[in-house]
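The lines below spell out each chain.
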Amino acid sequence: MDIYFSSQEDLYQRLVPALRVKVRNFKRMSTSGVREKDIWDYLKSNKWNKVNGLTLSGMVQDILDVTYTEVLEYIAMKQEVI
């Protein structure tokens, strides 16, 4: 069964539970400062934009696999551009 989303916001809302889990995992490791939106933005611009045929389960796995360092470096790079 294929699931279609009407917008990126709709997809984001579907992924929020996985994003929250990842943020909690980061906090448990005494690393903070990363929000759900930061993880979303990082994956959207660095991983998902290069892939065709993404699945919801694949996106959830990407969220769970992303490292704190990857997201933190993305945040720092984004701030340098501003």
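Before any of the text, the structure's been laid out above.
First, a word on what this report is: a plain description of the structure on this page. (Residues numbered from 1 in each chain as written. Predicted model: local features only at pLDDT ≥ 70, side-chain atom pairs only at ≥ 80, totals over all residues. Heavy atoms only, no water.)

1. Considerations on the overall build of the protein
Consideration 1: Counting secondary structure elements, the protein contains four helices and zero strands.
Consideration 2: For the protein, the C-alpha radius of gyration of 13 Å lies close to 12 Å, the compact-globule estimate for 82 residues.
Consideration 3: On the principal axes, the C-alpha backbone points of the protein span a range of 40 × 30 × 20 Å.
Consideration 4: When each of the 82 residues of the protein is scored for burial, the buried share is 32%.
Consideration 5: Per element, the accessible surface of the protein, about 5,800 Å² overall, is 51% carbon and sulfur.
Consideration 6: Separation between the mean location of the 12 positive side-chain charges and that of the 11 negative ones in the protein comes to 5 Å. (Helix = DSSP H or I, 4+ residues; strand = E, 2+ residues; numbered from the N terminus. Rg over C-alpha atoms; globule rule 2.2 N^0.38 Å. Buried < 20%, exposed > 50% of the residue type's maximum accessible area, 1.4 Å probe, protein only. Areas by Shrake-Rupley, 256 points an atom, 1.4 Å probe, with all protein chains shown as cover. Lys, Arg positive; Asp, Glu negative; His and termini not counted. Charge placed at Lys NZ, Arg CZ, Asp CG, Glu CD.)

2. Points about helix α1 (residues 8–28)
Consideration 1: Taking 1.5 Å of rise per residue, 21 residues should cover 30 Å, and α1 covers 29 Å from first to last C-alpha, within 8% of that figure.
Consideration 2: Taking the largest bend as the criterion, α1 deviates by roughly 50 degrees, centred on Leu-15, and proline Pro-17 comes between one and four positions later.
Consideration 3: Among the residues of α1, Leu-11, Tyr-12, Leu-15, Val-16, Ala-18, Leu-19, Lys-22, Val-23 and Phe-26 are the ones counted as buried.
Consideration 4: In this fold, the buried residues of α1 make contact with α2 (36–46), α3 (56–65) and α4 (68–81). (Expected span 1.5 Å × (residues − 1). Bend = angle between axes of the 7 residues up to and from the residue. Contact = heavy atoms within 4.5 Å.)

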